[in-house]
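# Examination of the molecular architecture
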Amino acid sequence: MALIVQKYGGTSVANPERIRNLARRVARFKAMGHQIVVVVSAMSGETNRLISLAKEIMPDPDPRELDVMVSTGEQVTIGMTALALMELGIKAKSYTGAQVKILTDDAYTKARILNIDEQHLKADLDAGYVCVVAGFQGVDAKGNITTLGRGGSDTTGVALAAALKADECQIYTDVDGVYTTDPRVVPEARRLKSITFEEMLELASQGSKVLQIRSVEFAGKYKVKLRVLSSFEEEGDGTLITFEEEENMEQPIISGIAFNRDEAKITVLGVPDTPGIAYQILGPIADANVDVDMIIQNTGADGTTDFTFTVHKNEMNKALSILRDKVQGEIKAREIVGDDKVAKVAIVGVGMKSHVGVASKMFRTLAEEGINIQMISTSEIKIAVVIDEKYMELAVRVLHKAFELEAA
Ligand code: ADP
Ligand code: ASP
Ligand code: MG
């Protein structure tokens, strides 16, 4: 007997028929003698619909109230899933995040899980119930409803698996595993049988939305056995996230390509190049809980510098007003500009550690297509570039080909 957490995404619970399908799969696992915790997302499109409704009332919605609204999507699907299981004669019980006591901090719309009280779930599992838990939501110390950021049900799934010391966490979605890149953009993309935790973390952090980054972080921290699978296919091993680098001579240099249009670029122009400037610019941004990703600073001959960094598109205006109101005068910057028509493309692979020439191949490939690189950032296993968003898909396709990712 094993304890398995199964997380089903939006397309897997998109309508009653799919929920019945999901219930049949859970029933099969139950019949094998396993204890099952099911985590569900809202029906596909529902979270977006709820966000739009909020914006119709208030263009920049108050985050506490937004979380109250968007968390309802998952409350519908837990009830439906529990009902579908009952219809199959299976004992099932639904739980909201607050009912489980998924305790988070109070950063509405992007809260972090601090603790999970697994006692009720354990007791119900031992009593033969399938526990159906709402993904994406939690509760802060004061009892306020919080949500975990887009794609957050993955994190609920893995965090529950960690708290319950589950044998496996299975992420069921609309693709049958993790691919070399999004198969919707590159049809030749290839499913990976396994991928190292390190690589998955980079792919997720660079925008591969197949797993939310925090779910991968949890899996790494608590060594959760994590697998991505199709909810539409009966068979198939999906993709396993592994924790050991395999001794594989055939290890490709690049394992995958991630991309996203979620970031915006902010440039502070004509900043005096003196100590403390980076802190003066980014300190107030951090104080406002705005995450900064890439940062570039280059000193010009005239002793001033341009300081460029990226933030989530949703937070560009907030960051711009903080800089214009609080920072520009103080540091005597000439101008502050925002650009949200950018995209980020990243190649990822542990093989990069032991190979040279990867960056030059990437830059040559983009140059040959006339794609201008605006920013570059690297780690041991990743090279990411910011480019004009209109070239994003082209860049992904040519890089996928140049690094021969479609070959087995
Ligand atoms: P769910 O609703 O099940 O959580 P998501 O839409 O969040 O599903 O994530 C699955 C999607 O992730 C796929 O449909 C695919 O378009 C996209 N995706 C992006 N990068 C990859 C990748 N490397 N491998 C597989 N899917 C990817
Ligand atoms: N329903 C939430 C979203 O659309 C959470 C999730 O699907 O993981 O982002
Ligand atoms: Mg998702």
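Going by the structure above, here's the rest.
Presented here is a report on the structure given in the accompanying data block. (Residues numbered from 1 in each chain as written. Chains lettered and ligands numbered in written order. Predicted model: local features only at pLDDT ≥ 70, side-chain atom pairs only at ≥ 80, totals over all residues. Heavy atoms only, no water.)

So, about the packing of helix α10 (residues 277-287) against helix α11 (residues 316-331). In contact at an axis separation of 9 Å, α10 and α11 are set at 145° when each is read in the N-to-C sense. The hand of the α10/α11 crossing is right-handed. Contacts between α10 and α11 involve I277, Q280, I281, P284 and I285 from the former and A319, I322, L323, V327, E330 and I331 from the latter. When grouped by side-chain class, the residues that make up the contact of α10 with α11 number nine nonpolar, one polar and one charged. (Axes fitted to C-alpha atoms, helices over the stretch in contact; angles between N-to-C directions. Helix = DSSP H or I, 4+ residues; strand = E, 2+ residues; numbered from the N terminus. Left-handed = near helix turned anticlockwise from the far one by under 90°. Contact = heavy atoms within 4.5 Å. Nonpolar A, V, L, I, M, F, W, Y, C, P; charged D, E, K, R; others polar.)

Close to ligand 1 lie 16 residues; T173, D174, Y179, D182 and R184 are nearest. D182 is positioned with one of its side-chain polar atoms (N or O) 2.8 Å from an oxygen atom of ligand 1. Contacts to ligand 1 include R184, whose side-chain N or O atom sits 2.5 Å from an oxygen atom. Across the complex, the protein chains shield 90% of the 570 Å² of accessible surface that ligand 1 would expose by itself. (Near = heavy atom within 4 Å. Polar contact = N/O pair within 3.5 Å; in protein donor to acceptor, adjacent residues only side chain to side chain. Areas by Shrake-Rupley, 256 points an atom, 1.4 Å probe, with all protein chains shown as cover.)

Moving on, we get to the pattern of salt bridges. Applying the stated criterion across every chain yields a total of 20 salt bridges. In this structure, the salt-bridge partner of K344 is D293, at a minimum N-O distance of 2.4 Å. Taken together, the positions of K344 in strand β18 (residues 342-348) and D293 in strand β15 (residues 292-299) put the pair 51 residues apart, joining distant regions of the chain. On the basis of relative accessibility, which here comes to 2%, the residue K344 falls in the buried class. Here D388 and K390 are joined by a salt bridge, their closest N and O atoms 3.6 Å apart. It is possible to trace a salt-bridge network through shared partners that takes in E17, R20 and R24. (Salt bridge = Lys/Arg side-chain N within 4 Å of Asp/Glu carboxyl O. Buried < 20%, exposed > 50% of the residue type's maximum accessible area, 1.4 Å probe, protein only.)

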